[in-house]
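# Observations on the model geometry
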Amino acid sequence: MSCVISSLVFGAADCSCMEVELLIYGMWPPMLLQSIPLASPGFDVGITEVNREFAGALVMKRSFVSGKELLGCGDTSAYFDQISQHYYDYRQNGSDRLFIFDIPKVKEWNILAFSGGATFSNQLNPVLYPTTLVTGPFDFGLYSVMMRELCEASNWDTVGFIFDTSSPVPFPPQIYQMFASNEIVLTGRLQLQPFPIQANSNLSDLVKKVSQVSRVVFLVGAPLLLRKIMAWIVLELPEQALGPVTWQRNDTYDDVALEAFGSMKQMILCFDRDSEADCLLKQKIIRATEESYGYSYPPGRAPSEFATTSYLVAKTIAKVINDSVHQHLDIKNGQVLAQQFRNRTFTSEAIGGLFIDAAGKRQNKICLSSFDRSMRKFTRVLFHDHTQNGLQVVPKVAAQLWGTPDNMAPPSIPVCGFLGERCREHSTTIIVISTVIPAVIASVLLGFILLCHMCRHNHIHDLWWKLATQDLSAWNNRLD
């Protein structure tokens with residue numbers, strides 16, 4: 001089991017109102033964005049709105065399956081038996097409640113399940129997990145999809161990949177493994193050159209090695225390493241999980257870094273939000289985080305997409321259950337209930353929404369952004385999502401895409417080769433051609449003149465039998 005926040009919902013219907021309780025299962029220390037203190041406040045805000053919207057028809061509550069002994073990722077697996085115990089205790093007591101888990105592997109129980117953590121697969125298998133829905137905002141598989149689309153559209157056949165192995169976040173090596181297992185790499189259509197680095201790596205040697213295999217370089221790692229290496233395409237998680245990617249360090253190299261950032265691209269999961277509504281929601285989540293979990297966000301930080309997703313999930317569950325009851329569906333059947341979520345888009349006012357496809361997996365968007373030196377921030381230029389095939393260009397900023405004279409992607413291999421060998425060979429060829437061809441032409445002309453002279457000489461000697469004009473006239477007079 002991965003280190004994700006886990007939840008289950010169960011309800012008990014009576015003659016007047018359906019009671020729904022949301023139980024949370026996950027890691028307590030706020031080390032990861034999906035930990036309970038950082039993600040669960042989104043559920044709390046959503047539950048408050050659900051109870052107001054569905055007053056008289058549905059009441060939602062929340063509590064936790066386990067205590068605060070879940071201190072790390074390993075504990076979420078070690079204490080998983082508490083989920084089973086919680087479920088079977090209610091079954092033995094004859095409880096008539098509906099359970100909805102955030103644990104994927106509950107096929108045997110035929111219970112609706114939500115998986116709200118980071119997603120590593122491109123598609124959920126509905127045969128193996130017919131009752132599971134994946135709603136996590138971070139889909140790591142999209143980075144690999146975007147890489148393939150970008151390389152194919154740009155005709156790149158070799159790329160470098162620098163990834164930080166010293167980072168406490170497992171994202172860099174995980175993304176490399178996904179790139180390495182991409183179909184275009186496995187079939188040899190793209191040569192992926194890996195360069196693992198650590199904080200004490202010799203960056204000068206690294207840059208020299210990378211520059212000899214490709215001019216297209218992907219990098220994922222700590223922002224400090226990024227600023228030193230200045231790779232071309234940076235892979236980043238939302239909410240600055242690895243720290244802010246910035247040119248500014250308040251040192252003597254800021255101006256140089258700002259100039260270099262002008263050619264940088266950023267690949268990142270992106271979300272469409274109404275800025276005002278998003279700000280209002282996050283303010284509510286911040287208050288809930290401080291009041292119920294005792295956590296205060298540091299300056300410059302705000303609730304993540306895990307928190308806003310929790311909010312949307314709480315409201316989505318309430319809507320689907322309420323609609324299903326009115327449609328007289330068997331909401332105790334996990335497969336039937338899961339089907340009500342598939343192939344649908346759920347929104348909540350103007351903060352965006354989530355689309356769950358036929359397999360039960362949320363479809364997210366990933367963007368490629370260029371750094372705008374005048375505005376000193378990244379601006380979207382390309383994106384990929386489920387609505388269209390291939391990469392889509394943002395029309396208003398299309399001219400900023402590559403910054404080349406023809407706005408076409410530069411080649412992954414320089415025209416003159418990595419060491420200039422192709423141009424040297426070309427120059428040698430030109431020298432040889434410019435020396436040999438004039439000599440050949442002169443020889444041909446000389447030969448042609450000589451041939452004409454010889455032909456004329458031979459022509460005179462071969463016509464001994466032909467009479468001259470005066471001789472022919474004398475002969476005619478003699479005949480007369």
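To keep things clear, this report deals only with the structure shown in the data block. Quantities reported herein were computed from a predicted structural model and do not represent experimental measurements.

Calculation notes
- Residues numbered from 1 in each chain as written.
- Predicted model: local features only at pLDDT ≥ 70, side-chain atom pairs only at ≥ 80, totals over all residues.
- Heavy atoms only, no water.
- Helix = DSSP H or I, 4+ residues; strand = E, 2+ residues; numbered from the N terminus.
- Buried < 20%, exposed > 50% of the residue type's maximum accessible area, 1.4 Å probe, protein only.
- Contact = heavy atoms within 4.5 Å.
- Areas by Shrake-Rupley, 256 points an atom, 1.4 Å probe, with all protein chains shown as cover.
- Pairing = 2+ DSSP bridges.
- Axes fitted to C-alpha atoms, helices over the stretch in contact; angles between N-to-C directions.
- Arc of directions from axis to C-beta.
- Polar contact = N/O pair within 3.5 Å; in protein donor to acceptor, adjacent residues only side chain to side chain.
- Lys, Arg positive; Asp, Glu negative; His and termini not counted.
- Salt bridge = Lys/Arg side-chain N within 4 Å of Asp/Glu carboxyl O.
- Disulfide = S-S within 2.5 Å.
- Parallel < 35°, antiparallel > 145°, perpendicular 65-115°, else oblique.
- Left-handed = near helix turned anticlockwise from the far one by under 90°.
- Nonpolar A, V, L, I, M, F, W, Y, C, P; charged D, E, K, R; others polar.

Moving on to the overall build of the protein chain. Counting its secondary structure elements, the protein chain contains 14 helices and 17 strands. For the protein chain, buried positions account for 47% of its 480 residues. Restricting to contacts in the protein chain with at least 6 residues of sequence separation, those with at least 24 account for 63%. By element, 56% of the accessible surface of the protein chain is carried by carbon and sulfur atoms, the whole surface being about 24,800 Å².

Spatially, the three strands line up as an open sheet ordered E12-E13-E14, and their pairing is antiparallel. The sheet is open, and its two borders are formed by strand E12 (344–347) and strand E14 (362–363), each paired with just one other strand. Along the sheet, helix H11 (residues 305–326) makes contact with E12, strand E13 (353–356) and E14, crossing E12 at roughly 120 degrees.

Once that is clear, we can look at helix H7 (residues 203–211). Of all the positions in H7, only Leu 203, Leu 206 and Val 210 are classed as buried. Viewed end-on, H7 has its buried residues packed into an arc of 55 degrees, placing them on one side of the element. Seen from the buried face of H7, the exposed residues on the opposite side, beyond 90 degrees, are Ser 204, Lys 208 and Lys 209. If you follow the buried residues of H7, they end up packed against strand E7 (158–164), strand E8 (191–197), strand E9 (217–220) and helix H8 (223–229). Capping the start of H7, Asn 202 holds a side-chain oxygen 3.1 Å from the backbone nitrogen of Ser 204, two or three residues further along.

Burial of the side chains of strand E10 (residues 233–236) extends over both faces: Ile 233 and Leu 235 are buried on one face and Val 234 and Glu 236 on the other. The pairing of E9 with E10 spans two bridges and is classified as parallel. Directly across from Phe 218, in E10, lies its bridge partner Ile 233. Sheet topology note: the E10/strand E11 (residues 265–270) ladder contains four bridges and is parallel. Paired with Glu 236 across the strands is Ile 268, a residue of E11.

In this section: helix H9 (residues 254–261). Buried within H9 are the following residues: Asp 254, Ala 257, Leu 258 and Phe 261. Here the buried residues of H9 occupy an arc of 100 degrees about the axis, which is enough to place them on one side. Along H9, exposed side chains directed more than 90 degrees from the buried face belong to Asp 255, Val 256 and Glu 259. Its buried side turned inward, H9 meets H8, strand E15 (365–372) and strand E16 (377–384).

Our focus in this paragraph is the side chain of Asp 372. For Asp 372, the location among the structural elements is in strand E15. There is no salt bridge for the buried Asp 372, and the closest opposite charge comes from Arg 373, which lies 7.5 Å off by N-O distance. There is a polar contact of 2.5 Å between the side chain of Asp 372 and the side chain of Ser 374.

Strand order in the open sheet formed by eight strands is E8-E7-E9-E10-E11-E15-E16-E17, with mixed pairing between adjacent strands. Two strands close off the open sheet at either side, each with one partner strand: E8 and strand E17 (392–393). Judged from the seven bridges that link them, E7 and E8 form a sheet pairing that is parallel. Within E8, the residue paired with Thr 158 across the bridge is Gln 191.

Let us now look at the state of the cysteines. Such a bond, covalent and formed between the sulfur atoms of two cysteines, is termed a disulfide. The final tally for this structure, using the stated rule, is one disulfide. The disulfide partner of Cys 270 is Cys 367, and the gap between their sulfur atoms is 2.1 Å. Between Cys 270 and Cys 367, the S-S torsion sits near 75 degrees, and that sign places the bridge as right-handed. Residue Cys 270 is found in strand E11, and its partner Cys 367 is found in strand E15; the two are separated by 97 residues along the sequence. Taken as a pair, Cys 270 and Cys 367 share a single burial class, namely buried.

Here we come to the environment of Val 216. Of note, Val 216 is situated in the loop between H7 and E9. Assessed through its relative accessible area of 1%, Val 216 is described here as buried. If we skip the residues at most four places from it in the chain, Val 216 touches Trp 156, Thr 158, Val 159, Gly 160, Trp 232, Ile 233 and Ser 412.

Here we take up the packing of helix H4 (residues 141–154) against helix H5 (residues 171–180). For the pair H4 and H5, interaxial distance at closest approach is 9 Å and the crossing angle is 50 degrees. The pairing of H4 with H5 is recorded here as oblique in orientation. Crossing angle aside, the handedness with which H4 passes H5 is right-handed. Every residue of H5 that contacts H4 at Gly 141, Tyr 143, Ser 144 and Met 147 is listed here: Phe 171, Ile 175, Met 178 and Phe 179. Considered class by class, the residues forming the contact of H4 with H5 number six nonpolar, two polar and no charged.

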